[in-house]
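An overview of the molecular structure
Residues per chain are reported as follows:
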Amino acid sequence: MSVQSVVRRLTAPDIRARKGGEPIVSLTAYHAHTARLIDPHVDFMLVGDSLGNVMHGLETTIPVTVEMMILQGQAVMRGSRRALVVVDLPFGSYEGSPQQAFATAARVLKETGAGAIKLEGGSRMAETVRFLADRGVPVMGHIGLTPQSINTLGSFRALGRDEASAAIILEDARAISDAGAFAIVIEAVSEPLARQITQEVAAPTIGIGGSSACDGQILVLEDMLGLSDRVPRFVKKFADIGPAIGEAVEAYASEVRARSFPAAEHTYAPKKT
Ligand code: KIV
């Protein structure tokens, strides 16, 4: 009997085929345990370089390395069976040339077993997106607010709110869709612009601070669970588990101090001889 899983994972072409159809559901995941919890509910999970902020407390995603992405990508693959897993290429690992991007993407796909990569940038990355797509690397684009550009953007703020910047972002979307991106994350842009991009480009759009008209949505898991201190306007807290964790740890601490934990049922009796 085959030991291979009978569950078929969703693929980049499956996501691409959802353009204009049932909304695509996605969240970030960095660990095996969170991947296991969200796997039945999402179509793809993103091992985002936001792990630098969320897991490591970094101010920006700039210091995140390929090795960090691979380690967490492997964990997420172990924890999931059904959803497509997409891994972010971190800053500095792909922008130099299409060849650099291919070498990094190939390493990430080989070492994690994930089904696709994501990279940031619009028109300037179109040649790279085509280079990768032509060589068997499914590419998810990311336009609008691109956190890896923080040092040139100056701050994290919504974009595309005036005509000139909206036109640039629309062109970014067209360029990477035409270059073969199988989906495009649109982050923190004006709602009508996200709607317009969704109507006008062939690739499915995945909104985060975009529009409910996008072909799908993504949020950072820890943000929507209420585990993050500061969240952008576009985050809705679907739960607030931070206080529940605090209460559980407080109860544990007081039982340890009172020596009421571990109780008899949590300890081992000697074997009967
Ligand atoms: O790194 C990340 O988590 C992302 C999402 C916010 C789309 O890129």
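Residues numbered from 1 in each chain as written. Predicted model: local features only at pLDDT ≥ 70, side-chain atom pairs only at ≥ 80, totals over all residues. Heavy atoms only, no water.

Structural notes on a nonpolar patch on the surface
The condition that has to hold: A patch consists of residues whose relative accessible area exceeds 30% and which take part in no salt bridge; residues with like charges are grouped when within 9 Å of each other, and nonpolar side chains (Val, Leu, Ile, Met, Phe, Trp, Tyr) when within 5 Å. Here the Shrake-Rupley method, with its probe set to 1.4 Å, supplies the accessible areas, and only the displayed protein chains count as covering residues. By convention in these notes, a salt bridge is any Lys or Arg side-chain nitrogen within 4 Å of a carboxyl oxygen on Asp or Glu. Going along the chain from the N terminus, every DSSP run of H or I of four or more residues is numbered as a helix, and every run of E of two or more is numbered as a strand.
Taken together, the side chains of Leu-227, Ile-241, Ile-245 and Val-249 present a nonpolar region at the surface, about 310 Å² in accessible area. Relative to the assigned elements, Ile-245 resides in helix H11 (residues 241–257).

Things to note about the sheet that holds strand E8 (residues 216–219)
What counts is decided by this rule: Each pair of strands is called paired provided DSSP finds at least two bridges between the two strands. Interaxial angle, 0 to 180 degrees, is taken between N-to-C directions of lines fitted to C-alpha atoms, where a helix line uses only the stretch in contact.
Reading around the circumference, E1-E2-E3-E4-E5-E6-E7-E8 is the order of the eight strands in this closed barrel, with parallel pairing throughout. Within this sheet the neighbouring strands show an average axis-to-axis angle of 25 degrees, counted without direction. Both strand E1 (residues 24–28) and strand E2 (residues 44–47) contribute to a ladder of three bridges, which runs parallel. Within E2, the position partnered with Thr-28 by the bridge is Leu-46.

Overview of the site of the ligand
This is how it is decided: Here a residue is considered near a molecule or strand provided that any single heavy atom belonging to it is located within 4 Å of it. The definition of a polar contact used here is a pair of N or O atoms within 3.5 Å, where within protein one atom must be able to donate a hydrogen and the other to accept one, and adjacent residues in sequence count solely through side-chain atom pairs. Residues are grouped as follows: nonpolar covers Ala, Val, Leu, Ile, Met, Phe, Trp, Tyr, Cys and Pro; charged covers Asp, Glu, Lys and Arg; every other residue, Gly included, is treated as polar.
Taken together, Thr-28, Leu-46, Gly-48, Asp-49, Ser-50, Asp-88, Lys-118, His-142, Val-185, Ile-208 and Val-220 make up the full set of residues adjacent to the ligand. In this structure, an oxygen atom belonging to the ligand sits 3.2 Å away from a side-chain N or O atom of Asp-88. For the ligand, the accessible surface in isolation is 260 Å², of which the surrounding protein chains cover 94%. In terms of residue class, the shell around the ligand is built from four nonpolar, four polar and three charged.

With respect to the UniProt feature "active site" (unreviewed entry) in the protein chain
Quick note on the threshold: UniProt positions are given in the numbering used here, feature names are shortened, and annotations may be inferred rather than shown by experiment. It only takes one pair of heavy atoms within 4.5 Å for two residues to be counted as in contact.
Sites flagged by UniProt as "active site" (unreviewed entry) map to Glu-187. Structurally, Glu-187 is set in strand E6 (residues 183–187). With residues near it in sequence (within four places) discarded, Glu-187 still touches His-142, Ile-143, Gly-144, Leu-145, Pro-147, Ile-208, Gly-209 and Phe-234.

Here's the deal with the side chain of Asp-43
Within the fold, Asp-43 resides in the loop between helix H2 (32–38) and E2. Ignoring sequence-local partners within four residues, the contact set of Asp-43 consists of Leu-10, Ile-15, Arg-18, Pro-23, Ile-24, Val-25, Arg-82, Ala-83 and Leu-84.

So, the pairing of strand E3 (residues 84–88)
For a regular strand, side-chain orientation follows a simple rule: the groups alternate between the two sheet faces. As a reminder of what qualifies: Burial here depends on accessible area, computed with a 1.4 Å probe over protein chains only, as a share of the maximum for the residue type. Under 20% is buried, over 50% is exposed, and the range in between is partly exposed. When the strands point away from the viewer, a crossover counts as right-handed if the route from the first strand across the helix to the second turns clockwise.
In terms of burial, E3 is a largely internal element, five of the five residues being buried. With burial as the criterion, each face of E3 is covered, one bearing Leu-84, Val-86 and Asp-88 and the other bearing Val-85 and Val-87. The pairing of E2 with E3 spans four bridges and is parallel. Paired with Phe-44 across the two strands is Leu-84, which belongs to E3. Pairing geometry for E3 and strand E4 (residues 116–118), over three bridges, is parallel. Each residue of the ladder has a partner; that of Val-87, found in E4, is Ile-117. This β-α-β element, E3 to helix H5 (residues 98–112) to E4, shows right-handed connectivity.

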